[in-house]
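Examining the three-dimensional arrangement
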Amino acid sequence: MNEDESGAGGGSVFVAREDLVQALVTLGVTRNAALRALYYTGNYNADLAAAWIFENQDKNLDAPLTETLELGDSSSDDDVVEEFLGISAACKMVLVVNMELGMGAGKTAGQVAHAAVGLYRLMMEKQQQYGEMLMTWEQMGEVKIVLKGQSASHLTELATKASNLGLPFFTVHDAGKTQVASGSLTVLGIMGNIDVVNTVTGELALL
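A brief report on the enclosed structure follows.

**Overview of the sheet that holds strand S3 (residues 91-98)**
Within the open sheet, the four strands sit side by side as S4-S3-S6-S5. Their pairing is mixed. A strand with exactly one partner marks an edge of an open sheet, and here the two such strands are strand S4 (144-149) and strand S5 (169-173). The average angle at which neighbouring strand axes cross in this sheet is 20 degrees, direction not considered. Of the pairings in the sheet, the one linking S3 to S4 comprises six bridges and is parallel in character. Across the sheet, the residue bridging to Val-94 is Ile-145, located in S4. In this fold helix H6 (residues 105-125) packs onto S3, S4, S5 and strand S6 (185-193), with an angle of close to 140 degrees to the strand it touches most, S5. Relative to S3, helix H7 (residues 127-139) is tilted by about 90 degrees, and along the sheet it contacts S3, S4 and S6.

Have a look at this one:
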């Protein structure tokens, strides 16, 4: 039997979505860990699976999924369902980089960090409005995804969409000391429910 398919529950077969497996592998996750995470989060999406991996780093995630099922996992299907009843409430932070600027790796990393910290601070300052969202994000492993944006106008368009959906967002405008002109829009950060954020950035490629 292919390790992507595992008999469970009286002969039922689990088949991981290959697009989700590849998305996780791109993030540096091993294939076995990706399969395990998708199995326990309902084969739903890569962000939720990544959050599960962060939450279960104390386990042997690299063991083939078939071994766990053959030995008998201590968690019942009901336990798994109960653990992820909040699937629709799971949150992520996305950081969209303005690729038109051609920033180097170090510059990009710095700008992404500015966006992540800026967005977090903004939400902390508005605890009454965003406190529950922050708590959910923290409990689910503080998922952060870096994506490619086309240009400043593209990032502005995405920010407008996020605003219209009530999602918190933060834009970084560089001081212009290195590589890019002063005031350049370098990174857009957005936080929110995974499904809602995906309506804004779901078609963007990973950086």
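**A few points about H6**
End to end, H6 covers 30 Å across 21 residues, agreeing with the expected 30 Å (1.5 Å per residue, within 8%). The complete set of buried residues in H6 reads Lys-107, Thr-108, Gln-111, Val-112, Ala-115, Ala-116, Gly-118, Leu-119 and Met-123. Here the buried face of H6 lies against S3, H7, S4, S5 and S6.

Rules of the game
Throughout, a residue's number is its position along its own chain's written sequence, starting from 1. At least 70 in pLDDT is required for a residue's local features to be given in this predicted model, at least 80 for side-chain atom pairs to be given and counted, and no such filter applies to totals for whole chains, interfaces and linings, which use all residues. The side-chain figures draw on all heavy atoms in the structure; neither hydrogens nor water molecules are used. Pairing between two strands requires that DSSP report at least two bridges joining them. Helix and strand assignments come from DSSP, with helices taken as H or I runs of at least 4 residues and strands as E runs of at least 2, each series counted from the N terminus. An axis is simply a line fitted to the C-alpha atoms; with a helix, the fit covers only the stretch in contact. Between two such axes, the angle follows the N-to-C directions and lies from 0 to 180 degrees. Here, residues are in contact when the closest pair of their heavy atoms is within 4.5 Å. Given a helix with a known number of residues, its expected span is that number minus one, times 1.5 Å. When a residue's accessible area, from a 1.4 Å probe over protein chains only, is under 20% of the maximum for its type it is buried; when over 50% it is exposed; and in between it is partly exposed.

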